[in-house]
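# Fold and contact review
Here is how the chains run, residue by residue.
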Amino acid sequence: MKEQLFELAKPVWLQGKTEEIHIRAQFRAVFRCEEEDVKKTVCRVATSGIYNLFVNGRFVAYGPARAGKNHFRMDAVSIAPFIKKGVNVIALEVAGYYVNSYYLQCQPSFVQAEVLCGERVVCHTGGTDFIARINPYAVRKVMRYSFQRPMMEAYRYGGEEDGFMCAPDYSGEVFPQEIVEDKKIIERLAPYPEYESVQAQPVSYGEARPGYQPEEIWKERASKSMGPKLRGFPLEACEWNVVEEVQRFQYIASPGMLAGEALPNHHYQIYELPYNATGMVDFEAECASEMDLYCMFDEVLSRGDVALPRMGCVNVVKYHLAPGKYHLKFFEVYTMKYMKFIASGSDCTVKNVRMVEYKHHPVQLSLPVLNGNEKLQKIAAAAVESYRQNAVDLFTDCPSRERAGWLCDSFFTGRVEKLLTGQSLIERSFLENFLHEESYAFLPEGMLPMCYPSDHDDGNFIPNWALWLVVELEEYLARSGDRMLVDAFKDKVYRLFQYFKSFENCDGLLENLEQWVFLEWSRANDLTQDVNYPSNMLYSGALRAAGRLYDDGVLLERAKQVKEKILEQSWNGAFFTDNAVRQNGALVFPNESTEVCQYYAFFFDIATPKSHPKLFHTLLEEFGPERKQTKHYPEVAFANAFIGNYLRLDILSRYGYHKEVLQNIEGYFYYMAEKTGTLWEHDGDYASCDHGFASHVLYWLNKMC
């Protein structure tokens, strides 16, 4: 049954500020709840930004679930556990970023909210119930967190908070509001998280000597790119250059020493979570003198320390504190296993450090193949954790640097959702978002964005990822039976193929594709022009999928013709070669082969064990996680984790080589699970160590049961 949407609430924002960058607005209302309604109290909320919901001073929820352009999903959050009989205070803090990103689209800021006690709306926005202000403690002019996400966090506290967010009585300043234009409000499909809590423990300690002069100050990518295509505050306009500030300390470890709760001036302490986790850091701090307290964080340690450059993000939150006691919590969600607190200007007490997790609610999975194998058990647990952190409102690539809904990644994560939950609710939400815009600003007619909902003001896109959407739709229909959604995509699919038609050469193969032609992070990505055979293998697979989905014999015939031309041109008798280049009007064949090209061929049925038995057994027996040690076939460039190793495992699983799949899973993933408790983007820890597609390990393990 369709969820009831707003009854009385109207969309509002601080007057005159709907299109200002990084407005941290706070809204509060006081209401009464009768005893018989306490257990039936719900807050409905929608926003174009990010909200934190509090009831009687206690954190309740983070959201919302994202939707496509000009659509906004309404959360209906049960607040019963936080309500008491009589007077209650509900407060919303909302970040109206109004910048383009891969995480949130740049849309005018608003919030729309109402509280129901039983069947009765007791307060709502758009009337006189809610008062509002700009958060007086949040520093507005700060740098972006990353190229892909909006602003970092920094705060200035002048003492104890004034009670706006929790006290029944408040007489301070308020900011005028305005009712804005009505919004297209739609239902949330994804389940709600449970906000589990995990404690951090101190693991190392040392000095943070000020005045250090490093050879080079690292700068985050976005700070060097502010302009019309990437919105934000230029570095010179930022109130603090927090990235430079933390690099001006010289960190000298004191082995074997831990400070406990007391953190002396110009010292640091590193805390560790039991696994790489995603959520909001929550802790208590106390200082007797004015000071700066920094919290740096990362998924792994770099040479025993927390270092900013590894992930290329502003992984630090700064607090400027007047003397006092504070309960502090990050507003945004980040990913980390380690956090490093640095005291500057005064001694400080830091205690009760924990993470309030933001991830999919717990799932149960029993896999007999894991029995007695501790390594596989650890890998499976890491896969579940990676899924939960990347499957909240939609499928994300990583919950850290981007929090973006990427195609191709979603093909693999969609399989896992069905396995773990028996449903495809998050996948439906993810796919449905693409339907909310008829066409996409800054992209060519017919092209689909590589990740969504997101902004692509620079005009960048991955043509390959749009083809993966077509392949995913066929599997989505098989696991969900959702014919209506698949039919709703028909026009987009045909317009996409019309776009690709203009790149077909006289052989019917795609040539000179535009923008970021992406296969995986390996040598294969250097061989994408002029005729790239892995891209054409994917093209054949997408044409075939669409032909079956929409009963279109023309598409099926085109798929067959593309396959035949690939076999004619790419196969050299030993391996499939990656590309051909156009010279003087003719195709020339460099005859270079990569490992991932072979996997594309088998994954998309260009080749089969029957049609190419020698190549298949070479891949089976002499390729895999040990090849970097054995150095077999050095002329064939290695595949990377995604998507090469995943295609390999899927092919072996498809053809029933279960023993080899288990061996490969251990070889590819155990060291990841052992180090972070999550699975990684690459085969090394130099980027995200928590990627949603990596949960696909569970899909292969389940196929052996």
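Here is a short report on the structure shown in this document.

What counts, and where the lines are drawn
- Residues numbered from 1 in each chain as written.
- Predicted model: local features only at pLDDT ≥ 70, side-chain atom pairs only at ≥ 80, totals over all residues.
- Heavy atoms only, no water.
- Helix = DSSP H or I, 4+ residues; strand = E, 2+ residues; numbered from the N terminus.
- Rg over C-alpha atoms; globule rule 2.2 N^0.38 Å.
- Buried < 20%, exposed > 50% of the residue type's maximum accessible area, 1.4 Å probe, protein only.
- Contact = heavy atoms within 4.5 Å.
- Areas by Shrake-Rupley, 256 points an atom, 1.4 Å probe, with all protein chains shown as cover.
- Lys, Arg positive; Asp, Glu negative; His and termini not counted.
- Charge placed at Lys NZ, Arg CZ, Asp CG, Glu CD.
- Core = buried A, V, L, I, M, F, W, Y, C linked by side-chain atoms within 4.5 Å.
- Pairing = 2+ DSSP bridges.
- Axes fitted to C-alpha atoms, helices over the stretch in contact; angles between N-to-C directions.
- Left-handed = near helix turned anticlockwise from the far one by under 90°.
- Nonpolar A, V, L, I, M, F, W, Y, C, P; charged D, E, K, R; others polar.
- 1 Å grid on protein atoms, 1.4 Å probe; cavity = no way out; pocket = protein on both sides within 12 Å on 5 of 7 lines; lining within 4 Å.
- Points joined across faces, edges and corners; volume = space filled by probe spheres on them.
- Salt bridge = Lys/Arg side-chain N within 4 Å of Asp/Glu carboxyl O.
- Phe/Tyr/Trp six-rings, centres within 6.5 Å; stacked < 30°, edge-to-face > 60°.
- Parallel < 35°, antiparallel > 145°, perpendicular 65-115°, else oblique.

The secondary structure content of the protein chain amounts to 15 helices and 26 strands. A compact globule built from 705 residues would reach a C-alpha radius of gyration of about 27 Å, and the protein chain, at 26 Å, matches this within 12%. With respect to the three principal axes, the spread of C-alpha positions in the protein chain is 80 × 60 × 55 Å. Counting over 705 residues, the protein chain shows a buried share of 63%. The contacts in the protein chain between residues at least 6 apart in sequence include a share of 79% that link residues at least 24 apart. Working note: accessible area of the protein chain is about 26200 Å², and carbon and sulfur atoms make up 48% of it. Computed over 74 positive and 95 negative side-chain charges, the separation of the two mean positions in the protein chain equals 1 Å.

Core analysis: the largest hydrophobic core is formed by 126 residues, its most contacted members being W468 and F669. Here the element with the most residues in this core is helix α5 (residues 463-480); it accounts for 10 residues. Setting aside its immediate chain neighbours within four residues, W468 contacts C408, F411, F412, L538, Y600, F603, F604, I643 and L647. Counting residues in hydrophobic clusters, the runner-up holds 116 residues, among them V38, M143, Y205 and A285.

This part takes up the pairing of strand β7 (residues 86-96). With respect to burial, β7 is a largely interior element, 10 of its 11 residues being buried. Relative to β7, strand β2 (residues 23-33) is paired through 11 bridges, and the arrangement is antiparallel. Following the sheet pairing, Q26 is matched in β7 by E93.

Right, let's get into unusual backbone geometry. Omega for the peptide link from G63 to P64 comes to 10°, which places this bond in the cis form. Cis rather than trans, the peptide bond between Y452 and P453 has omega equal to 0°. Relative to the helices and strands, P453 resides in the loop between α4 (425-433) and α5. With a phi angle near 55°, H22 is a residue other than glycine that sits in the positive phi range. Relative to the helices and strands, H22 resides in the loop between β1 (12-14) and β2. A positive phi angle, near 55°, is found at R403, a position not held by glycine.

In this section: the packing of α5 against helix α7 (residues 490-501). If you want to describe how two helices pack, look at the angle between their axes and the distance between the axes. Two numbers describe how α5 lies on α7: the axes approach to 11 Å, and their chain directions differ by 145°. As for the relative orientation of α5 and α7, their crossing is left-handed in sense. Residue-level inspection shows P463, A466, L467, V470 and L473 of α5 in contact with α7, the latter providing V493, L496, F497 and F500. Across the contact of α5 with α7, the residue classes break down as 9 nonpolar, no polar and no charged.

Take empty space enclosed by the protein next. Tallied over the full model, the rule gives 7 cavities of 30 Å³ or more. Of the volumes computed, that of the largest cavity is approximately 120 Å³. In this structure, the largest cavity is lined by 15 residues; those nearest its centre are S48, R66, A67, F72 and Q107. Its volume calculated, the second largest cavity comes out at about 70 Å³. In terms of lining, the second largest cavity is formed by E438, S439, Y440, L443, P444, E445, G446, M447, L448, K492 and R495.

Here the focus is the pattern of salt bridges. For side chains of opposite charge, pairing can occur when their charged atoms come near one another. Applying the stated rule across the entire model yields 51 salt bridges. Taking the shortest distance from any N to any O, the salt bridge between D305 and K340 comes out at 2.9 Å. Remark: K340 occurs in strand β22 (residues 334-344) and D305 occurs in the loop between β19 (291-298) and β20 (316-321); sequence separation between them is 35 residues. Each member of the pair, D305 together with K340, is buried. A salt bridge links D650 to R415; the shortest N-O distance between them is 2.9 Å. Residue D650 is found in helix α13 (residues 641-654), and its partner R415 is found in helix α3 (residues 409-421); the two are separated by 235 residues along the sequence.

Tracing the chain through its elements places T413 in helix α3. Contact partners of T413, with chain neighbours within four places excluded, come to Y387, F395, G692, F693 and S695.

Turning next to the packing of aromatic side chains. Counted according to the given criterion, the structure contains 61 aromatic pairs. Look at Y102 and W406: their rings are 5.8 Å apart centre to centre, the planes differ by 80°, and that puts the pair in the edge-to-face class. With a gap of 304 residues between them, Y102 in the loop between β7 and β8 (111-117) and W406 in the loop between α2 (374-389) and α3 connect regions that are remote in the sequence. You can call Y102 buried: its relative accessible area is 9%.

This part is about the pairing of strand β4 (residues 50-55). With 6 of its 6 residues buried, β4 lies for the most part within the structure. Of the two faces of β4, the one holding I50, N52 and F54 and the one holding Y51, L53 and V55 are both buried throughout. Across 6 bridges, the pairing between β4 and β7 is antiparallel. Note on β7: the bridge partner recorded for L53 is L92. Bridge analysis of β4 against strand β5 (residues 58-63) gives 5 bridges, and the strand direction is antiparallel. Bridging across to β5, V55 finds its partner in R58. Count of turn residues in the β4/β5 antiparallel hairpin: 2 residues, of which N56 carries a positive phi of about 50°.

As a further point, take the environment of F576. Turning to its location among the elements, F576 is positioned in the loop between α9 (553-569) and β25 (579-583). By relative accessible area, F576 is classed as buried at 0%. Sequence separation between F576 and I566 is 10 residues; the distance between their C-alpha atoms is 8.8 Å. Those residues in contact with F576, other than ones at most four positions away along the chain, are M537, L567, S570, W571, S593, C597, Q598, A601, I606, A607, H612 and L615.

As a packed pair, α13 and helix α14 (residues 658-676) sit with axes 8 Å apart at the nearest point and diverge in direction by 160°. Here α14 runs roughly antiparallel to α13, going by the angle between their axes. Helix-helix and strand crossings are classified by hand; for α13 and α14 the assignment is left-handed. Contact residues: α13 offers N645, Y646, R648, L649, L652 and S653, while α14 offers H658, E660, V661, N664, I665, Y668 and F669. Of the residues that constitute the contact of α13 with α14, the class distribution is 7 nonpolar, 4 polar and 2 charged.

For the rest of this paragraph, the subject is the sheet that holds β2. An order of β5-β4-β7-β2-β10 is seen for the 5 strands of this open sheet, with the pairing classed as antiparallel. Looking at the sheet topology across the chains shown, the edges are occupied by β5 and β10 (131-134). Here the strands of the sheet are splayed against their neighbours by 20° on average, with no regard to which way each runs.

Pairing between the strands of a sheet is mediated by backbone hydrogen bonds and can be parallel or antiparallel. What the 3 strands build is an open sheet, ordered β24-β25-β26; its pairing is antiparallel. The sheet terminates laterally at β24 (531-532) and β26 (586-588), the two strands that pair on one side only.

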